[in-house]
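Structure at a glance
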Amino acid sequence: MVKDYNLTSDLYIIPYEEKGKNAFLAYFPLQSLIFEINRDAVTILNKAKVRTYRTENASEIKFLESLVELKVLNGRKEPQPYSLFHDSPKPTYTMLLLTNKCQLKCIYCYGKSSGKGIMMPKEIARKAVDTIVRNTVEKKTGLLHIGYHGGGEPTQNWEVLTDSYLYASERCNTNNLRLYSSICTNGIFSKEKADWIIRNINDVAISMDGLPEIHNHNRPFRNGKGSFSAVSRTLDNFNKNNKKFNTRLTATEYSYKKLPETVKFLKERFNINMLSIEPLYVCGRCITSGCKPPPLDGFIKIMTEVIELGKELCVNIQYSGNRLENLISRFCGAQGSNFFITPKGYVTACLEVSDYDDIRSDFFIYGKYDLSKQEFIFNNETYKRLASSQVQSFNTCRECFAKWHCAGDCIAKSPNLLKVTDERNQYRCRLNKTLLRRTLIDAMNQQINRAAPSAEVRPGILVS
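Below: a short report on this structure. Remember, it's a predicted structure, so these values are computed and weren't measured experimentally.

Analysis parameters
Residues numbered from 1 in each chain as written. Predicted model: local features only at pLDDT ≥ 70, side-chain atom pairs only at ≥ 80, totals over all residues. Heavy atoms only, no water. Buried < 20%, exposed > 50% of the residue type's maximum accessible area, 1.4 Å probe, protein only. Helix = DSSP H or I, 4+ residues; strand = E, 2+ residues; numbered from the N terminus. Pairing = 2+ DSSP bridges. Right-handed = clockwise from strand over helix to strand, strands pointing away. Lys, Arg positive; Asp, Glu negative; His and termini not counted. Salt bridge = Lys/Arg side-chain N within 4 Å of Asp/Glu carboxyl O. Polar contact = N/O pair within 3.5 Å; in protein donor to acceptor, adjacent residues only side chain to side chain. Contact = heavy atoms within 4.5 Å. Expected span 1.5 Å × (residues − 1). Axes fitted to C-alpha atoms, helices over the stretch in contact; angles between N-to-C directions.

Remarks on the pairing of strand β6 (residues 93-97)
Most of β6 is tucked away: 4 of the 5 residues are buried. Taken together, the 5 bridges between β6 and strand β7 (residues 143-149) define a ladder with parallel strand orientation. Residue pairing for β7: Leu 96 is matched across the bridge by Tyr 148. In this region the chain leaves β6, passes through helix α3 (residues 122-139) and returns to the parallel neighbour β7; the handedness of that crossover is right-handed.

Now the structure itself:
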C-alpha cells in the first residue's frame, strides 16, 4: 500500500563527518529535535522537502512513521519565529548612552571615546523615561527597563545616571510598574558609586580582558597606565557584597591564544560564573591603533577549548552567535525594538552607532529629541526598515541550520547595509556555524546518554 508523507517542520541536513561519509544529522530546530541518519534517509528527506513523498517500501514507511510520531511529518505546519512591530516605535525599554567621555583609551574602542566628551542633559534622559513609561502603561506589560551604556563610560555622567534612575523609580511607583535596571561599565569608579550600583542596578556587566598584562595592554588609562588594579577593586567590592556581575571580554590577535589561561585566572581571582567573549570587530579606534581580530581558524580552535574548560570550571562561556537556546528571527533589538538615546539626543537602534559621522548612521539612527516639541520624533520609514530586517528576508540564510539561533547575526557588522539581505559577515558566519554545530552535537550526545537507561525516552530530542 502506497503511503503519502508531507514534511511539516523546518528541516536541515548537516554532514556528520566525525562519524564518516555516510553519517548525517537531521535537525528540526523549531522542534528542538536532532538525530543521526544515513545517506539513504537523507535522500528521502530531501525529496520530502520538495514535494509529497510516496512509498510502499516497508523499511521506509517504518522510518517515516517514526517521524510522524515526532510530529515533523504529516502534522500541522509549525509557526516560524517572527518579531511583530508597529508602524511607529512603541519602546518599553531604553538604553541611555550618557556620554562619550571615558577615563580609558582602549585600543579597540568602537566609540573613539574622548577625555572631555559630551554629556546627556537631564531633560533628554527624563523624556526617554517618560516615553517608555507611557508605552508600558499602554501595552500593560507591567515591566519597565532602563539601561546605561555608551560610547564612553556611563558613570562619568553620574548626576544624570542617578537622576534618571530615581525618576524612573518614581514614575514606576506612580504607575504600579516594576523597574529593571542594567549597566555596562568599565568598572572604574569610587567605592561610593559602587555601593550605589550594588543597591540599585539589577544587571551589571563589566568589561574585563582578564590577565593583567592583557587588560592593561588593551584597556589603558588615557595617560597610558594600566587599569587592571582599578577594575579589580570594584570587582572585589562586588564580591564582598555578594553582588552578581557579568564579565565581558574582547578577543584580539594579541590576546586570543591566552583565553584558556584567562578563564582560569578570572575564575580563581574573581570567582566569575559567566564570561562573554566576543572577537574584535574592526571599527572606531582600531582603524588608528592597528588592533586586529583573532585569525578565524585559530580562534575557533581556542573557543572550542575554552567552552569545554568553562564546563569544568562552572563558568558559562557565552558568545553572541552561539545561542542554541534561542529561536529567534532577529539577532538583537537593533532590528526594531531598541530605543537607545545618544548624548546629543539622537535615537539609535545600535549602541555602536551614536552619531552621524558613522557611515552606518542612516541605517540605524531613526529619530531625535525635538527641543521645541519636548518630545522624541521618529523617522517611521527608517524604523520599519530596521524592524523588517529579519532572518526570513535574508537570502544568504535560507538553507542554513543556524538561521533561527543567530538570526543572520549582527546586522551592524554586515559588509554592506545596502545589501543586508544578501551579504553576511563571513568571519562571524563561519564562527557561528562551527560553534553552533558543536553545541548541537554535544546536546544530542548528552541527551542520548541520559536516555540510554530508559526505553521510554527518545534519544536525539533536545532538552529545551
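As for the side chain of Arg 424
Mapping Arg 424 onto the fold places it in the loop between α13 (403-406) and α14 (426-451). Within the buried set, Arg 424 has no salt-bridge partner at all; the shortest N-O distance to an opposite charge, 6.7 Å, is to Asp 409. At a separation of 3.0 Å, a polar atom in the side chain of Arg 424 contacts the main-chain carbonyl oxygen of Gly 408. Filtering out sequence-adjacent residues up to four positions away, Arg 424 remains in contact with Phe 394, Thr 396, Cys 397, Gly 408, Ile 411, Ser 414 and Pro 415.

Some thoughts on α3
Along an α-helix, residues three or four positions apart point the same way, because every turn accommodates 3.6 residues. Here α3 contains 18 residues, and its C-alpha end-to-end distance of 26 Å stays within 8% of the 26 Å for a straight helix at 1.5 Å per residue. Residues of α3 that are buried include every one of Ile 124, Ala 125, Ala 128, Val 129, Asp 130, Thr 131, Ile 132, Val 133, Asn 135 and Thr 136, and no others. At its buried positions, α3 is contacted by β6, β7, α4 (158-175), β13 (340-341), β15 (365-370) and β16 (375-378). Phi for Lys 140, located one or two positions after α3, is positive at around 60 degrees.

Comments concerning the sheet that holds strand β3 (residues 24-28)
Strand pairs in the sheet, formed through backbone hydrogen bonds, run parallel or antiparallel to each other. Reading across the sheet, the 3 strands line up as β2-β3-β4 and stay open at both edges, with antiparallel pairing between neighbours. The open sheet is flanked by β2 (12-15) and β4 (33-37), the only strands paired with a single partner. Strand-to-strand twist in this sheet, taken as the mean axis angle between neighbours without regard to direction, amounts to 25 degrees. Judged from the 4 bridges that link them, β2 and β3 form a sheet pairing that is antiparallel. Residue pairing across strands places Pro 15 opposite Phe 24, the latter belonging to β3.

Observations regarding the pairing of β7
With 6 of 7 residues buried, β7 lies mostly within the body of the structure. Where β7 meets strand β8 (residues 178-185), 6 bridges bridge the pair, whose relative direction is parallel. What sits directly across from Ile 146, in β8, is Ser 181.

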